[in-house]
Amino acid sequence: AKRPLLLVGGGVKVARAGADMQALAEKTGVPVVTTIMGKGALPTSHPLYIGNIGIHGSYAANSAMANCDVLFSIGTRFNDRITGKLSAFAKDTTIVHVDVDPASISKNIVVDIPIVADAGQAIKGMLKKARPVGDGAWLAKIRAWKDAYPIRMAYDGLTAQAIIEKINGLFENSVIVTDVGQNQLWSTQFLALGPRRQMLTSGGLGTMGYGFPAALGAKLGNPDKDVIVITGDGGFQMNLQELATAVIEKIPVIICILNNGCLGNVRQWQEMFFGERYSYTDLLPGPDCGMDYVPDFIKLAESYGVPALRVTRKEDLDPAFDKARQVRDRPVLIECMIDREQNVLPIVPPGKALNEMILTQKEEDGR
């Protein structure tokens, strides 16, 4: 191999093999990309970590996938969210696939070397024989891509990136739980993960409403950690009745709603790929309703006895999170008002290969 790449999926985290995975990467010097479910298996600050691949993967990670000559995939199903156009996925690459489920191997992507094994056991076995691979030029090229094309939101004011990076800075010993939609995708782009800051998210199921109840379970299982759920105004309404459970059981989680007044992920696709024909994604009321938006999450939270704060500026994030951390006997809701035009970028359009990304808002506007 001259251009090897390690692809780490959620199976590595299920096997609790993160430490061995890091040791394998360091022993070989091979760069690592992850699926959404695999993110955090290697600390995101690690110099060998490149980023997520897939529809909303980083330029560097997707480019590495498109240009590697040997792909060693561990614990992933090669679902359509990470492959893009199947016929163009790693087409000139030798693929080694480790997975505990034999039905997942060569199901979507036909691989050259199948290995049916638990991810943790396989990594331990590889560590015994691992040696340095390559001369460093491949890794240098990938790092140059990463430096030239970082993931960055080009919007003024309060953004999802600013909110999530604030959470990174304030909550070290924590579990961050996401819902499903744009809030999830931004979280998987901008969360900094490691041994003390972990992420729970719903992967292939794509279950809106997952975030809040999962956060309650995470807090009960990790009472010594801060637990924050990042959710959307659509997803939170799927299971908001669990506010009653959280109040009655005195479960102190922080609910961070990214409120853009719409079902953002579907709205983004309607904007970008369906000629701006918006259908049933707008959660704002008509002009005669007498309300700015529906529902009023502040009043809703207060009806459950839950303290609630509304944030409209980046400068308000610190005091809002400080107040939330002081409440230890019930949840706190922080509603962050963001513009609906904030889209998740990069994005691979439907039917395109991973290296055919729309990187910026300017590219999107000029389609």
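Scroll up a little and you will see the structure.
Residues numbered from 1 in each chain as written. Predicted model: local features only at pLDDT ≥ 70, side-chain atom pairs only at ≥ 80, totals over all residues. Heavy atoms only, no water.

Undergrad: Is there a simple way to think about the packing of helix α2 (residues 18-28) against helix α5 (residues 119-129) in this case?
TA: For any two helices packed against each other, one specifies the crossing angle of their axes together with the interaxial distance. Look at α2 against α5: their axes get within 9 Å of each other, and the N-to-C directions meet at 30°. Accordingly, the angle class assigned to the pair α2 and α5 is roughly parallel. As for how α2 packs across α5, the hand of that crossing is left-handed. Note on element contacts: α5 touches α2 through Ile123, Lys124, Met126 and Leu127, opposite Asp20, Met21, Ala23, Leu24 and Lys27. Taken together, the residues of the contact of α2 with α5 break down into six nonpolar, no polar and three charged. (Axes fitted to C-alpha atoms, helices over the stretch in contact; angles between N-to-C directions. Helix = DSSP H or I, 4+ residues; strand = E, 2+ residues; numbered from the N terminus. Parallel < 35°, antiparallel > 145°, perpendicular 65-115°, else oblique. Left-handed = near helix turned anticlockwise from the far one by under 90°. Contact = heavy atoms within 4.5 Å. Nonpolar A, V, L, I, M, F, W, Y, C, P; charged D, E, K, R; others polar.)

Undergrad: It is not clear to me how the packing of aromatic side chains should be interpreted in this structure. Could you clarify?
TA: Any two aromatic rings considered together are summarised by their centre-to-centre distance and by the angle between their planes. Per the stated rule, a full pass over the model turns up seven aromatic pairs. Relative to Phe236, the ring of Phe212 lies with its centre 5.5 Å away and its plane at 55°, an arrangement referred to as tilted. With Phe212 in helix α9 (residues 211-221) and Phe236 in the loop between β9 (226-232) and α10 (242-248), the pair connects residues that are 24 residues apart, well separated along the chain. Here Phe212 and Phe236 have matching classes, each one buried. (Phe/Tyr/Trp six-rings, centres within 6.5 Å; stacked < 30°, edge-to-face > 60°. Buried < 20%, exposed > 50% of the residue type's maximum accessible area, 1.4 Å probe, protein only.)

Undergrad: For this particular structure, what's the right way to read unusual backbone geometry?
TA: Glycine aside, a negative phi is what most residues show, and trans is what most peptide bonds show. In this chain, Leu345 is followed by Pro346 through a cis amide linkage whose omega measures 0°. Along the chain, the position of Pro346 falls in the loop between β12 (332-337) and α14 (361-365). Positive phi outside glycine occurs at Arg16, with the angle close to 55°. You can see Arg16 is positioned in the loop between α1 (10-14) and α2. One non-glycine residue, Ser106, adopts positive backbone phi at about 60°. Mapped onto the elements of the fold, Ser106 is located in the loop between β5 (94-99) and β6 (113-116). Assessed through its relative accessible area of 32%, Ser106 is described here as partly exposed.

Undergrad: How should I be thinking about the nonpolar core in this particular structure?
TA: Looking at soluble globular proteins, one finds that nonpolar side chains tend to be buried together. Membership of the largest hydrophobic core comes to 50 residues, with the highest contact counts inside it found for Val12, Met65, Leu71, Ile74 and Phe78. Ranked by residue count, the leading element in this core is α5, at five residues. Ranked by size, the runner-up nonpolar core spans 29 residues in total, among them Ala160, Met199, Val311 and Ala320. (Core = buried A, V, L, I, M, F, W, Y, C linked by side-chain atoms within 4.5 Å.)

Undergrad: Please clarify how the environment of Asp118 should be interpreted in this entry.
TA: By the secondary structure assignment, Asp118 is in the loop between β6 and α5. Look at Asp118 and you get partly exposed, because its relative accessible area is 29%. Once the C-alpha coordinates of Asp118 and Gly54 are considered, the two residues, 64 residues apart in sequence, prove to be 24 Å apart. Of the polar contacts made by the side chain of Asp118, one reaches the backbone nitrogen of Gln121; its length is 3.0 Å. (Polar contact = N/O pair within 3.5 Å; in protein donor to acceptor, adjacent residues only side chain to side chain.)

Undergrad: Hey, could you run me through the pairing of strand β8 (residues 197-200) in this one?
TA: Along any regular strand the residues' side chains alternate between the sheet's two faces. The side-chain alternation of β8 yields one buried face, formed by Arg197 and Met199, and one unburied face, formed by Gln198 and Leu200. Summarising the sheet, strand β7 (residues 174-178) and β8 pair through four bridges and their orientation is parallel. Residue Val177 lies in a different strand from β8, and its bridge partner there is Leu200. (Pairing = 2+ DSSP bridges.)

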